[in-house]
Amino acid sequence: MYINGDWVVTNQVLEVNNPANGQLVDKVYLVGRKETQNAIAAAKDAFRSWSELTGEERGDYLHKVVEKILEKKEHLAQTITKEMGKTIHNARKEVDSTIAFFKWYAEESRRVYGDIVPASAPNKRLSVIRQPIGVVGAITPWNFPLSMSARKLGPALAVGCTVVLRPSREAPLSTLELFKIFDEVGIPKGVVNLVIGSSSEIVGELMASNDVRKISFTGSTEVGKKLIRQSADTVKRVSMELGGHAPFIIFEDADIDLAIEGTAISKFSSNGQQCVCANRIYVHDSIYDTFARRFADKVSSMVIGDGLDENVQMGPLVNQDAVNKSHEHVTDAINKGASILCGGKALTENEFTNGYYYTPTVLSDVNDEMTITHEETFGPVAPLIRFSDENDVIQKANNTEFGLASYVYTNDLSRAHRVSEKLEYGMVGVNDPSPFVVQAPFGGIKESGIGREGGKYGLEDYLVTKSISVAIRSN
């Protein structure tokens, strides 16, 4: 662990195994309450000097981080694949995203603006300034272990906050490599701190501390709700990027080739383990049979295996629980009338014996009685649902507590605008399965989250607004 500029060794060790084959990848040291308290204290002590640097000076540090990541790009990508299973192609894209976040916020660091406000009296001058909120506790997930760290660290460091980061125990190695880079470029002691260990101990300390003024969390809605409740005791500001249950709507006038390709990208990237994955695929009745047949043909031809293999299109899931949940959703759907067009089973023979593999699966004739239409699968299972009416499919798409990402495929420009505005989601991709870029806001509504990450919007939650009124003397 990395606390106050030092590497901390303990007598507690976590083994990280490759989900593709069960082999040991590396070990990390675990910490608890005491070390977390030390990390918070270090971040608090470093805050004054770090926040007093100019934005340009802080940006220079982030530019150095970008240079080092570029040097180690392939090593970082392979680390991601080894620790959580996504294909090397997806892992390289994640490293590119990490670079983009740090580069963007290195440049945005000099663009924290305020206002001059007309005063209500001739002898007063009123200004509004923006200042960093203070120490930030950041909690990141295993499915994007590197880029989610960058999406939080980039804006926080750019505006002058200091950070205590707790990555997932499932995939901590790429984050550890990132902190080695922070150490190499000489980011001042205490500005960034890394703690991995028991959630109850580490997150408990972050939530209880009066010195931690903001929590940024990416993870499940269930855990996010607990953190929101805990934040009330110290009135912390929170940013929550929580679960999703994305509808993917394909209208009769869509380009079916683009829709098939887009659905495959959205559903099976990162082995189906993304909160923005297509979870309910609504296909217009007039093209349903054609789409289902061609989509199943495409999915059934996908190459499965160790994500480090350049030819592999889908790797293992992160653990056995992920395999079990995918199969439970498939079994429930079959018992309630769905049909398997391809896939539908775990792979446990020969080269797959020691890994967590589930075949990419397409289900047809899915209906609202099935669990998969109400719960996020977080696995490579694509349920196809018929629809015939635009208003009806919008109502079904919105009939969930989630509101993160959604997708619409149509060649009708009016429909594209009309449906996008009616969908109750924080993000909509129109004929675009990957509408997520560093310069645009990322986040959801309803129970999918609070706040936004990315672009200029990503700075907001790390800043406080201060009003300054100055009474002046007249000559």
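A brief report on the enclosed structure follows. Throughout, a residue's number is its position along its own chain's written sequence, starting from 1. Under the rules for a predicted model, residues below a pLDDT of 70 receive no local features and side-chain atom pairs below 80 are neither given nor counted, while totals for whole chains, interfaces and linings still include all residues. With hydrogens and water set aside, each side-chain value is computed from the structure's full complement of heavy atoms.

What follows covers the overall build of the protein. Within the protein, the secondary structure is distributed over 14 helices and 22 strands. The globule rule puts the C-alpha radius of gyration for 475 residues at 23 Å, and the 24 Å found for the protein is close to it. Dimensions of the protein along its principal axes, counting C-alpha atoms only, are 80 × 60 × 40 Å. Residue contacts are defined here by distance: any two heavy atoms, one from each residue, within 4.5 Å place the two residues in contact. Long-range pairs, those at least 24 residues apart, make up 73% of the contacts in the protein between residues at least 6 apart in sequence. Secondary structure elements follow DSSP: runs of H or I no shorter than four residues count as helices, runs of E no shorter than two count as strands, and numbering proceeds from the N terminus. We take the radius of gyration over the C-alpha atoms and set the globule estimate at 2.2 Å times the residue count to the 0.38 power.

Turning next to the pattern of salt bridges. The salt bridge definition used is simple: a Lys or Arg side-chain nitrogen within 4 Å of an Asp or Glu carboxyl oxygen. Per the counting criterion, the structure on display carries 28 salt bridges. A salt bridge links lysine 298 to glutamate 261; its shortest N-O distance comes to 3.0 Å. Taken together, the residues span a long stretch of sequence, with lysine 298 in helix α10 (residues 285-300) and glutamate 261 in helix α9 (residues 256-268) at a distance of 37 residues. Buried residues are those whose accessible area, probed at 1.4 Å on protein chains only, stays under 20% of the maximum for their type, while exposed residues exceed 50% and partly exposed ones sit between those limits. A residue is classified by how much of its surface remains accessible, and lysine 298, at 31% relative accessible area, is partly exposed.

Turning next to the packing of aromatic side chains. Pairing of aromatic side chains here covers Phe, Tyr and the six-membered ring of Trp, requires ring centres within 6.5 Å, and sorts the geometry by plane angle: under 30 degrees stacked, over 60 edge-to-face, intermediate tilted. Scanning the entire structure with this criterion turns up twelve aromatic pairs. Ring centres 6.1 Å apart and planes at 65° place the aromatic pair tyrosine 2 and phenylalanine 179 in the edge-to-face group. One end of the pair, tyrosine 2, is in strand β1 (residues 2-3); the other, phenylalanine 179, is in helix α6 (residues 173-185), with 177 residues separating them in the sequence. Each member of the pair, tyrosine 2 together with phenylalanine 179, is buried. With a centroid separation of 5.4 Å and 90° between ring planes, the pair formed by phenylalanine 251 and phenylalanine 387 is classed as edge-to-face. In this pair, phenylalanine 251 is assigned in the loop between β12 (246-250) and α9 and phenylalanine 387 in strand β18 (residues 381-387), connecting sequence segments 136 residues apart.

The next point concerns the sheet that holds strand β5 (residues 115-117). DSSP-based pairing: two strands are paired if at least 2 bridges between them are found. If you walk across this open sheet you meet the three strands as β5-β6-β22, and the pairing is antiparallel. Looking along the sheet, the strands with just one partner apiece sit at the ends: β5 and β22 (463-471). Here the average twist between neighbouring strands, direction ignored, is 25°. One ladder, built from nine bridges, connects strand β6 (residues 124-132) with β22; its direction is antiparallel. Within β22, the residue paired with serine 127 across the bridge is isoleucine 468. Note on geometry: axes are C-alpha line fits, over the in-contact stretch for helices, and angles between N-to-C directions span 0 to 180 degrees.

With that out of the way, let us pick up the sheet that holds β18. Judged by pairing direction, the sheet is mixed, and its seven strands sit side by side in the order β14-β17-β18-β13-β12-β19-β20 without closing on themselves. Edge strands, defined here as strands with exactly one partner in the open sheet, are β14 (339-342) and β20 (427-430). Within the sheet, the average angular offset between the axes of one strand and its neighbour, ignoring direction, is 25°. Contacts from α9 reach β12, β13 (278-284), β17 (361-364), β18 and β19 (405-409), with the element oriented near 170° to β12. Seen against the sheet, α10 touches β12, β13, β14, β17 and β18 and runs at an angle of roughly 170° to β18.

Attention now goes to the side chain of threonine 175. As for its position among the elements, threonine 175 is in helix α6. Excluding residues that lie within four positions of it along the chain, threonine 175 makes contacts with Pro145, Ser149, Leu165, Pro167 and Leu194.

Taken together, the side chains of Val9, Val13 and Tyr29 define a hydrophobic patch exposed on the protein surface, amounting to about 270 Å² of accessible area. Take valine 13: it is sitting in strand β3 (residues 13-17). Every patch collects residues that have over 30% relative accessible area and no salt bridge, joining them within 9 Å if they carry like charges and within 5 Å if they are nonpolar side chains (Val, Leu, Ile, Met, Phe, Trp, Tyr). All accessible areas in this document rest on Shrake-Rupley with a 1.4 Å probe, and a residue is counted as covered only by the protein chains that are shown.

Turning next to the packing of helix α12 (residues 390-398) against helix α13 (residues 413-422). Between α12 and α13, whose axes approach to 10 Å, the crossing angle comes to 35°. In this structure, the crossing between α12 and α13 has a hand that is right-handed. Contact with α12, carried on its side by Glu390, Asn391, Ile394 and Asn398, involves Arg415, Arg418, Val419 and Lys422 of α13 and no other residues of that element. For the contact of α12 with α13, the class distribution of residues is two nonpolar, two polar and four charged. Here a crossing is taken to be left-handed if its near helix is turned anticlockwise relative to the far helix by less than a right angle, and right-handed if that turn runs clockwise. For this classification, Asp, Glu, Lys and Arg are treated as charged, while Ala, Val, Leu, Ile, Met, Phe, Trp, Tyr, Cys and Pro are nonpolar and the rest, including Gly, are polar.

Read these as geometric descriptors, not functional statements.
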